[in-house]
Amino acid sequence: MLKTIRYSTDDLDCVFTQDDNGEPCYAIIEKENPTKNMAVYYDKTQLFLAADFPKPENTYKYFDQMCKIIQFLYEGE
């Protein structure tokens, strides 16, 4: 499936795509590692972080950029 960039920051891209089951979603990926989803956003009630996402979450190196993308998606619904 074609991945369309929906939102971009300095270090992250958010692409509209489909999950493994064909469900539409937004994948948030690092530009330096575009094959790995750091998070998958479905709607206001479903956001899944990668299994190896840092704990606590606010220690993620692009945490502020991730928040901007999630806010953009959340407000766009």
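> Now, about the overall build of the protein chain: what can you tell me, with residues and values included?
Helix and strand counts for the protein chain stand at 1 helix and 5 strands. From first element to last, N terminus to C terminus, the protein chain shows the α and β order β-β-β-β-β-α. For the protein chain, whose C-alpha radius of gyration is 12 Å, the value lies close to the compact-globule estimate of 11 Å for 77 residues. In terms of principal-axis extent, the alpha carbons of the protein chain reach across some 30 × 25 × 25 Å. The 77 residues of the protein chain split such that 32% are buried. The long-range fraction of contacts in the protein chain, counting pairs at least 24 apart against all pairs at least 6 apart in sequence, stands at 28%. When the accessible surface of the protein chain is split by element, carbon and sulfur atoms take 49% of a total near 5,100 Å². Here the protein chain contributes 8 positively and 14 negatively charged side chains, and the mean placements of these two sets differ by 2 Å.

> Quick one: what's the story with the pattern of salt bridges, residue by residue and with numbers?
Scanning all chains against the criterion turns up 4 salt bridges. Between D52 and K36 there is a salt bridge whose closest N-O contact spans 2.7 Å. In this pair, D52 is assigned in the loop between β5 (46-49) and α1 (63-75) and K36 in strand β4 (residues 33-43), connecting sequence segments 16 residues apart.

> Give a detailed account of the nonpolar core, specifying residues and quantitative values.
Counting 13 residues, the largest nonpolar core has L12, C14, I28, Y60, M66, I69 and L73 as the members making the most contacts within it. Of all the secondary structure elements, the ones that give two or more residues to this core are β2 (12-18), β3 (24-30), β4 and α1. Those residues in contact with C14, other than ones at most four positions away along the chain, are T4, I5, R6, Y7, Y26, A27, I28, I69 and L73.

> Could you give an account of the sheet that holds β5, with specific residues and numbers?
Here 5 strands make up an open sheet; going across it, the order is β1-β2-β3-β4-β5 and the pairing antiparallel. Each having just a single partner strand, β1 (4-8) and β5 make up the two edges of the open sheet. Strand-to-strand twist of the sheet, defined as the mean angle between neighbouring strand axes without regard to direction, takes the value 30°. Here β3 pairs with β4 via 5 bridges, running antiparallel. Looking at β4, one finds that E30 is bridged to N33.

About the cut-offs
- Residues numbered from 1 in each chain as written.
- Predicted model: local features only at pLDDT ≥ 70, side-chain atom pairs only at ≥ 80, totals over all residues.
- Heavy atoms only, no water.
- Helix = DSSP H or I, 4+ residues; strand = E, 2+ residues; numbered from the N terminus.
- Rg over C-alpha atoms; globule rule 2.2 N^0.38 Å.
- Buried < 20%, exposed > 50% of the residue type's maximum accessible area, 1.4 Å probe, protein only.
- Contact = heavy atoms within 4.5 Å.
- Areas by Shrake-Rupley, 256 points an atom, 1.4 Å probe, with all protein chains shown as cover.
- Lys, Arg positive; Asp, Glu negative; His and termini not counted.
- Charge placed at Lys NZ, Arg CZ, Asp CG, Glu CD.
- Salt bridge = Lys/Arg side-chain N within 4 Å of Asp/Glu carboxyl O.
- Core = buried A, V, L, I, M, F, W, Y, C linked by side-chain atoms within 4.5 Å.
- Pairing = 2+ DSSP bridges.
- Axes fitted to C-alpha atoms, helices over the stretch in contact; angles between N-to-C directions.

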